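# Observations on the three-dimensional arrangement
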Amino acid sequence: MSPALDFIEPVALPHKGVVPVGDGKVNGKSAVDVADGKWKDFTFQPIRESQIARAMARRYFDDLDKYAESDIVIVGAGSCGLSTAYTLAKARPDLKIAIIEASVSPGGGAWLGGQLFSAMIMRKPADAFLSEIGVPFEEEGNYVIVKHAALFTSTLLSKVLAFPNVKLFNATSVEDLITRKDESAPGGLRIAGVVTNWTLVAMHHDDQSCMDPSTINAPIIVSTTGHDGPFGAFSVKRLVSMGAIDKLGGMRGLDMNTAEDAIVKGTREIVPGLIVGGMELSEVDGANRMGPTFGAMALSGVKAAEEALAVFEL
Ligand code: 48N
């Protein structure tokens, strides 16, 4: 251990197998003496509370300023959104990628496997993504098993957050989409950014007056807000309400074999500037749900990233 951290070096207490002879002391010191000695003079470096406040505020507002103009915004930090972010950030370290996640805790539905069971199943060939991010798994024929879904989500999250060109704004909701008239687009609209608010603010629009939102401009938005639920399917429901698409197909019943292929292969730009992936897409296309298997989320994220890069490179 580096000398700077030697204070946490475990105290070399007498091994149980070695019975101290006599007064229970080793080299004239008892275990308590040795432990106390180490901690007795311990102290942290001094600090003034305002230094902590400034360190946090400065970085947060620097990030708000820096990412007010982003190259790509990903809405939703579930398994699909995080897989998109990983694939994009690795492929294009020059792009500024903002992730907007409504919940305080990112990860969406991928912290547990299914029905509160903790193991996570991915059908092959999604095991290639697990190998790419370094998540160990057990082989079982046509599928693999990660021993705890949180091992996948925490590993992916840590990799995404380690990229210098990625910023996660969690506890932040996308409340609307920035639009531009575009006669060449099917619904006459192009998406050019997102409208955001802190989620705790967004939840109180009905009981607090005029808390206006903020915005992020970006040429490409990848929306992965999950299937319809309290927060889900946000962007595609907004596209319908603004007349950019006619209606939603609505997610269909569970059929693993049909659902996973349809979500991955169907991940695409729905209207110019807005790519939809993951379970949000099932609401657009009327795709089946797949239940507790997550390979399609990972590979839909990979495909969403490829779709974004293809548009970006036009
Ligand atoms: O995990 P989800 O809900 O969505 P995906 O598509 O990443 O993964 C879906 C997957 O968990 C399943 O549903 C599995 C495979 N089951 C399928 C089945 O058959 O039931 O993550 C979406 C994230 C969440 O963290 C939300 O908090 C967030 O998106 N979110 C938002 N973030 C910002 N602004 C919003 N308006 C918003 N809406 C949702």
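Values in this document were obtained by computation on a predicted structure and should not be read as measured data.

### Points about the pattern of salt bridges
Under the defined criterion, the tally for this structure stands at 10 salt bridges. Measuring nitrogen to oxygen at the nearest pair gives 3.1 Å for the salt bridge that ties D63 to K167. Here D63 is found in helix α2 (residues 49-66), whereas its partner K167 is found in strand β6 (residues 166-169), with 104 residues between them in sequence. The same class applies to D63 and to K167, which are both buried.

### Quick notes on the UniProt feature "binding site: substrate" (unreviewed entry) in the chain
Feature annotation in UniProt assigns "binding site: substrate" (unreviewed entry) to the following positions: C80, E101, A102, G109, V174, D212, H227, M279, R289, M290 and G291. Over a stretch of 212 residues, the named residues are scattered through the fold, their C-alpha atoms separated by up to 37.9 Å. Note that G109 resides in the loop between β2 (97-100) and β3 (120-123). As for its position among the elements, R289 is in strand β14 (residues 288-289). Classification of R289 as partly exposed rests on a relative accessible area of 34%. Once residues lying within four places of it in the same chain are set aside, the contact partners of R289 are H227, M251, R252, G253, L254, D255, M256, A259 and M279.

### Some remarks on the sheet that holds strand β8 (residues 189-198)
Spatially, three strands are ordered β7-β8-β9 in an open sheet, and the strand pairing comes out antiparallel. Strands with a single pairing partner mark the edges of an open sheet, and in this sheet they are β7 (172-181) and β9 (214-217). In this sheet, adjacent strand axes meet at a mean angle of 35 degrees when their direction is disregarded. Here β7 runs beside β8; their pairing, made up of nine bridges, is antiparallel. Note that in β8 the partner of R180 across the bridge is R190. Relative to β7, helix α7 (residues 234-241) is tilted by about 40 degrees, and along the sheet it contacts β7 and β8.

### Re the nonpolar core
Counting 72 residues, the largest nonpolar core has V73, M122, F152 and L239 as the members making the most contacts within it. Among the elements that take part in this core, helix α10 (residues 295-312) stands out by supplying eight residues, more than any other. Aside from chain neighbours lying at most four places away, what touches F152 is S79, S83, M120, M122, F129, L130, I133, V135 and V146.

What counts, and at which threshold
Think of each chain on its own: its residues are numbered from 1, step by step along the sequence as written. Local features in this predicted model are restricted to residues whose pLDDT is 70 or higher, and side-chain atom pairs enter the listing and the counts only when it is 80 or higher, whereas totals over whole chains, interfaces and linings include all residues. As a rule here, side-chain values cover all heavy atoms of the structure and leave hydrogens and water aside. The term salt bridge refers to a side-chain nitrogen of Lys or Arg lying within 4 Å of a carboxyl oxygen of Asp or Glu. Here a helix means four or more residues in a row that DSSP labels H or I, a strand means two or more in a row labelled E, and each is numbered from the N terminus. The buried label applies to any residue whose accessible area, calculated with a 1.4 Å probe on protein chains only, is under 20% of its type's maximum; exposed applies above 50%, and partly exposed to all values in between. UniProt positions are given in the numbering used here, feature names are shortened, and annotations may be inferred rather than shown by experiment. A contact between two residues is defined here by any heavy atoms of the two lying within 4.5 Å. Strand pairing is assigned whenever DSSP identifies at least 2 bridges connecting the two strands. Whenever a helix is involved, its axis is fitted only over the stretch in contact; in every case the axis is a line through C-alpha atoms, and angles between N-to-C directions fall within 0 to 180 degrees. Each nonpolar core is a collection of buried residues, namely Ala, Val, Leu, Ile, Met, Phe, Trp, Tyr and Cys, held together in the definition by side-chain atoms within 4.5 Å.

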